[in-house]
Amino acid sequence: MAHNLQAETIAFRRDLHKNPEPSMEEFRTTDKVAAALDAMGVSYRRLDPTGVIAEVKGTKSNSDKIVALRADMDALSIQEKTDYEFKSINDGIMHACGHDTHTSMLLSAVKIANSIKDQFSGTIRFIFQPGEEVAKGAKAVCAQGGMDGVDAIFGIHAAVQTPVGKLLACYGPSHAATDRYSVVIKGKACHGAAPQTGMDATVCGAAMVMNLQTMVSREFSPMDPLVVTVGSFHSGSRFNIVSGEAVLEGTIRSFSREVHEQIPVVLKRICEETAKTFRCTAEVDYDAITEVLINDKEMIDLGLEAAAKITDAEHIGLKAQAMGGEDFSEYTKYAPAAFFSLGVGGQWPGHSDHYEADEDAFETGVAFYVQVALDALEKLSK
């Protein structure tokens, strides 16, 4: 059935690709999805400000089990530089992460599920999520009841530079917790010829950059992967003035929820104590953007078994952990979850202004969405 909808899936994807929208501003995309659901006669509700949740209830027998499938919809602030006929017409915005493909595949999955609802029991909930790129969408979905009653949830992400149609999974933690921090160092400016009369924020900041790396080497177990990055360091205004203020900004990535909870405390201590060494002060701002995405073993096994029903064994496998973040992790707090990668080929990496996805992969993605939902409902209903 996915094969029969391939042309339709491609057409919808190309329309979304041509008309990308920023995170939490996917108004046209929401309207397009809603219109398609209206045409199918599928019930749904809109989220605030954007996004859609649809449901198809099986009529084979009574069951209160709910399996959710999720696709994100937002684009990135990137100027597209491809030659596609359907390239972005919105200046500075493009689908460079495959969210247009996710939405289109999930919509075709809705159509299939609706056409065979007499063949399954329970409810399939389809979450068309906004704002993944800013890590606000999944939280908004959950806050508006999107995970209420859900017994299991599955997601797919297009994997570029990966063989077309390959389905890959990772047991346990698959995507890191992604946090952002900033540190404002306050010292005392003075003439560069008399540094003893000031409190040098630049020297303090330089020491802080080095000391923060001890979080990796001395604060946490070497068995728990951790990345501490200082992405920007701004200090000073003139060559002969000792700087009175410096600002550091960066990101921290981790795979352990226990470590994730401790990071803000450790970071604050290191920054404040380092600042005291140089007679400065440090104001630390910490933003925990996404939690660790931890896949449930039973749901991963179920997903791999579902994959084996729709494709050859050579197109199924396991993948390594990724330090990138994914707000699908928010759903893992509410129900057993599994997140899969779908190979879409291409020569360019994700978030590239030349992003490309081989549309032949869509058929596999649509079929997997449906199959894993059906198998999960059957298993949960026993």
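Here's what I pulled together on the structure shown here.

## Details of the overall build of the protein
No. 1: Each helix and strand in the protein was counted, giving nine helices and 16 strands.
No. 2: Reported as C-alpha extents along the three principal axes, the dimensions of the protein are approximately 80 × 45 × 40 Å.
No. 3: When the 382 residues of the protein are sorted by exposure, 53% land in the buried category.
No. 4: In the protein, 80% of the contacts between residues at least 6 apart in sequence involve partners at least 24 apart.
No. 5: For the protein, the exposed area adds up to about 16,500 Å²; of that, 50% sits on carbon and sulfur atoms.
No. 6: Measuring between centres, the 36 positive side-chain charges of the protein sit 3 Å from its 53 negative side-chain charges.

## Some details on the packing of helix 8 (residues 297-310) against helix 9 (residues 362-381)
No. 1: Running from amino to carboxyl end, helix 8 crosses helix 9 at an angle of 125°, the nearest separation of the two axes being 9 Å. When the interaxial angle is binned, helix 8 and helix 9 end up oblique. Our pair here, helix 8 against helix 9, has a crossing hand that is right-handed. Where helix 8 approaches helix 9, its residues Glu 298, Leu 302, Gly 303, Ala 306, Ala 307, Lys 309 and Ile 310 are matched on the opposing element by Thr 364, Ala 367, Phe 368, Gln 371, Val 372, Asp 375, Ala 376 and Lys 379.
No. 2: The residue makeup of the contact of helix 8 with helix 9, split by class, is eight nonpolar, three polar and four charged.

## Focus on the nonpolar core
Side chains of a nonpolar character, in soluble globular proteins, are inclined to be buried together.
No. 1: Core analysis: the biggest nonpolar cluster contains 64 residues, and Leu 37, Leu 69, Ile 124, Phe 126, Phe 128 and Phe 154 have the highest contact counts within it.
No. 2: Here this core takes 10 residues from helix 9, the largest share from any one element.
No. 3: Ignoring any residue separated from it by four or fewer positions in sequence, one finds Leu 37 in contact with Val 42, Tyr 44, Val 52, Ala 54, Leu 107 and Val 110.
No. 4: Ranked by size, the runner-up nonpolar core spans 23 residues in total, among them Tyr 181, Val 183, Ala 201 and Val 266.

## Brief notes about the packing of helix 3 (residues 99-115) against helix 9
No. 1: One way to put it is that helix 3 packs onto helix 9 with a least axis distance of 8 Å and a crossing angle of 50°. In terms of axis orientation, helix 3 runs oblique to helix 9. Pair helix 3 / helix 9 crosses with right-handed handedness. Each of Thr 101, His 102, Met 105, Leu 106, Ser 108, Ala 109 and Ile 112 in helix 3 lies in contact with helix 9, whose residues at this interface are Phe 362, Gly 365, Val 366, Tyr 369 and Val 370.
No. 2: Counted by class, the contact of helix 3 with helix 9 contains eight nonpolar, four polar and no charged residues.

## As for the pattern of salt bridges
No. 1: By the definition in use, this model includes 20 salt bridges.
No. 2: Ionic pairing is found between Glu 249 and Arg 180, a salt bridge with its closest N-O pair at 3.6 Å. Here Arg 180 lies in strand 8 (residues 177-186) and Glu 249 lies in strand 12 (residues 245-254), a separation of 69 residues in the sequence.
No. 3: For Glu 249, a relative accessible area of 28% puts it in the partly exposed group.
No. 4: Judged by its relative accessible area of 48%, Arg 180 is partly exposed.
No. 5: In this structure, the salt-bridge partner of Lys 333 is Glu 330, at a minimum N-O distance of 3.4 Å.

## Quick word on the sheet that holds strand 13 (residues 281-290)
No. 1: With respect to topology, four strands assemble into an open sheet ordered 10-12-8-13, the strand pairing being antiparallel. Every interior strand has two partners, whereas the edge strands, strand 10 (226-235) and strand 13, have only one. This sheet shows a mean twist of 15° between the axes of neighbouring strands, independent of strand direction.
No. 2: Inspection of the sheet shows strand 10 paired to strand 12 by nine bridges, in the antiparallel sense. Opposite Phe 233, over in strand 12, you have Leu 248 as the bridge partner.
No. 3: This element, helix 5 (residues 201-212), spans strand 8, strand 10, strand 12 and strand 13 of the sheet and lies at about 170° to strand 10.

## Let's talk about the packing of aromatic side chains
No. 1: In total, this model carries four aromatic pairs according to the counting rule given.
No. 2: Residues Tyr 84 and Phe 86 carry aromatic rings whose centres are separated by 4.9 Å and whose planes lie at 5° to one another, so their mutual orientation is stacked.
No. 3: What makes Tyr 84 partly exposed here is its relative accessible area of 28%.
No. 4: Accessibility expressed as a relative area gives 11% for Phe 86, which makes it buried.

## Points about the side chain of Arg 13
No. 1: Along the polypeptide, Arg 13 turns up in helix 1 (residues 6-18).
No. 2: According to the relative accessible area criterion, Arg 13 is buried, its value standing at 1%.
No. 3: Those residues in contact with Arg 13 that lie beyond four places of it in its chain are Phe 86, Asp 100, Thr 101, Ser 104, Ala 357, Glu 359 and Phe 362.

Procedures and definitions
Residues numbered from 1 in each chain as written. Predicted model: local features only at pLDDT ≥ 70, side-chain atom pairs only at ≥ 80, totals over all residues. Heavy atoms only, no water. Helix = DSSP H or I, 4+ residues; strand = E, 2+ residues; numbered from the N terminus. Buried < 20%, exposed > 50% of the residue type's maximum accessible area, 1.4 Å probe, protein only. Contact = heavy atoms within 4.5 Å. Areas by Shrake-Rupley, 256 points an atom, 1.4 Å probe, with all protein chains shown as cover. Lys, Arg positive; Asp, Glu negative; His and termini not counted. Charge placed at Lys NZ, Arg CZ, Asp CG, Glu CD. Axes fitted to C-alpha atoms, helices over the stretch in contact; angles between N-to-C directions. Parallel < 35°, antiparallel > 145°, perpendicular 65-115°, else oblique. Left-handed = near helix turned anticlockwise from the far one by under 90°. Nonpolar A, V, L, I, M, F, W, Y, C, P; charged D, E, K, R; others polar. Core = buried A, V, L, I, M, F, W, Y, C linked by side-chain atoms within 4.5 Å. Salt bridge = Lys/Arg side-chain N within 4 Å of Asp/Glu carboxyl O. Pairing = 2+ DSSP bridges. Phe/Tyr/Trp six-rings, centres within 6.5 Å; stacked < 30°, edge-to-face > 60°.

In short, shape yes, function no, at least from these values alone.
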